[in-house]
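Below, each chain spelled out in residue letters.
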Amino acid sequence: MKEELFASGRHIPHIDPYLNIWHWPIALYLFLGGLAAGILFFAGYFVVKGKEKEMPATVKWATIIAPLALVIGLSALFYDLHHKLYFWRLYTTIRLSSPMSWGAWTLMVITPLSFVWVASYMKEMFPKWDWKLEILNKFERWVIKNRVPFAWIMMILSIILGVYTGILLSAFNARPLWNTSILGPLFLTSGLSTGLAAIMWISKSEQERKVISRIDLILILVELFLIIHLFMGFLAGTAVKQEAAALFLGGEFTVTFWVFVVILGLAFPATLEALELRGYHVPKWLPPFLILFGGLAFRFIMVEAGQITRFLY
Amino acid sequence: MDTNHNRPHYINPYLGGVLLGLLVLLTVYITGRGLGASGAVKSTVVTTAKIITPAKAEHNAYMKKFISPDHSPMYNWLIFESLGIFFGGLLSGILFGRVKKFRIEKSPKITNKTRLLAALAGGILFGIGSQFGRGCTSGAALSGSATFAFGGVLVMLAIFGTGYILAWFFRKLWI
């Protein structure tokens, strides 16, 4: 048996004073989870609104990304687990006070749902598609008939998924940067925005891109507002919160955060989208690429920086 | 829709010059130093060398000056300034209708390959020259002469004077 003796409670390797346990798989998972949530939310939204025909990329084509993103994200999460064989224990209980429990159960439902959603459009997307088994054809007909209720469930679950990617971090009350109620809405907004970016990239219809672009512009503004609010909250808080904010306001994450996330990931693509809406010729891939890159950088920075923040002693 | 912004137009060169001068003043005011671009290329070269052949890069008399255990050579203000130049240039291109499909600007009489090879050769020569001259057009000539440095004026004369003399020989790459 391997024993470890701690003489002081404040020096535990990999945990205190700095947490050093969450690396790229977590950041990648948070990004892909948010991305899938964004795509599925808008697919559901436009079906509920009855605009299926006008928004083909949103409702059909882009949703192919969602199950892939979820599977890759969950694989990253599984790869990060220390005791991989015990992951199923999350499913032996439902704990309303635990974000991880919420996330585990939401993913348990939304992942197969995302597969079913894409499968129900397979014949529309690829006319030669054949399910071979009658039972599958029957199931498909049932799903298509009940698409609106499915869309509602998907919208609700994707909001929970999107918020949970942020709440997962904010529930860590020992890490001042994460322990703020803004993180949930901020991650949700960012996830919805990256979802829209992926749709925008795929869409071939000028009209659809315009609709998506308009919604995305609003989301980016909300995101910028939440980021400002986050820092205002930190600066008006206790010394530990101010120290956490200092990492981004002159500290070691200042340049990476403001350059890659705020300027290149939010402000610049928003400017480009606004110009595109006014008729200027903008390379089609550029705003979505920047938004996706900014979203990924945002998660990497938040995961990394959060682990450095700590209580003073 | 107003189609005017789809027609490419360029800034008046005299106005552009004045704006560039004001930009140098603003940069000195904000950062305490002038503009520069060749340093970003240098950082990229050092970083690439450090990744591919770390031992050689660390023993190279020139490169080792820029390698530190604390941070990457890419964590340098010039890199971020160059990102700004790229994205700022792109924004200006979009606003003035110069961004269309991906294309290589050249004389119709030569092939893309010739143009790209000539550009690469020119870039390499300019890179070597900027290291001999301790800076490029923006770093040595523009920022240097803005401080009344004699070296800066010499670099300016060398770059534009040589360009003026040699342009005739290479005109076929453009017209």
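Scroll up to find the structure.
Let me begin by describing the structure that accompanies this report. Because the structure is predicted, anything quoted here is derived from the model rather than measured. (Residues numbered from 1 in each chain as written. Chains lettered and ligands numbered in written order. Predicted model: local features only at pLDDT ≥ 70, side-chain atom pairs only at ≥ 80, totals over all residues. Heavy atoms only, no water.)

**Remarks on the pattern of salt bridges**
Residues and elements named next belong to chain A.
Then, number 1: Summed over all chains, the structure comprises six salt bridges over all chains.
Then, number 2: Its salt-bridge partner being Glu140, residue Lys123 comes within 3.0 Å of it at the nearest N-O pair. You can see Lys123 sitting in helix α4 (residues 99-125) and its partner Glu140 sitting in helix α5 (residues 134-145), a full 17 residues away along the chain.
Then, number 3: Assessed through its relative accessible area of 7%, Glu140 is described here as buried.
Then, number 4: When the shortest N-O distance is used, the salt bridge between Lys284 and Glu276 registers 3.7 Å.
Then, number 5: Connected through salt bridges with shared partners, the residues Arg209, Glu276 and Lys284 form a single ionic network. (Salt bridge = Lys/Arg side-chain N within 4 Å of Asp/Glu carboxyl O. Helix = DSSP H or I, 4+ residues; strand = E, 2+ residues; numbered from the N terminus. Buried < 20%, exposed > 50% of the residue type's maximum accessible area, 1.4 Å probe, protein only.)

**Considerations on the packing of helix α6 (residues 147-170) of chain A against helix α7 (residues 183-202) of chain A**
Residues and elements named next belong to chain A.
Then, number 1: It is at 7 Å that the axes of α6 and α7 come closest, and there the two elements cross at 135°. One way to sum up the angle between α6 and α7 is to call them oblique. Where α6 crosses over α7, the two elements pack in a sense that is right-handed. From α6, Ile159, Gly162, Val163, Thr165, Gly166, Ile167, Leu169 and Ser170 reach across to α7, where they touch Leu183, Gly184, Phe187 and Leu188.
Then, number 2: Tallied by class, residues from the contact of α6 with α7 come to seven nonpolar, five polar and no charged. (Axes fitted to C-alpha atoms, helices over the stretch in contact; angles between N-to-C directions. Parallel < 35°, antiparallel > 145°, perpendicular 65-115°, else oblique. Left-handed = near helix turned anticlockwise from the far one by under 90°. Contact = heavy atoms within 4.5 Å. Nonpolar A, V, L, I, M, F, W, Y, C, P; charged D, E, K, R; others polar.)

**Description of the interface of chain A and chain B**
Then, number 1: Contacts between the two partners involve 17 residues from chain A, matched on the other side by 13 residues from chain B.
Then, number 2: The tally of links from chain A across to chain B stands at zero salt bridges.
Then, number 3: Remark: the boundary between chain A and chain B carries two residue pairs in polar contact (both at pLDDT 80 or more).
Then, number 4: Counting residues per element, the ones that place at least two in the side of chain A that touches chain B are α10 (254-277) and α11 (286-308) of chain A.
Then, number 5: For the side of chain A that touches chain B, the element with the highest residue contribution is α10(A), accounting for eight residues.
Then, number 6: Of the residues assigned to the side of chain A that touches chain B, the class counts are twelve nonpolar, three polar and two charged. (Polar contact = N/O pair within 3.5 Å; in protein donor to acceptor, adjacent residues only side chain to side chain.)

**Looking at the side chain of B:Ser43**
Then, number 1: Considering the arrangement of structural elements, one finds B:Ser43 in helix α2 (residues 38-52).
Then, number 2: Those residues in contact with B:Ser43 that sit more than four places away from it in its chain are B:Pro73, B:Met74, B:Asn76 and B:Ile79.

These figures capture arrangement, not role.
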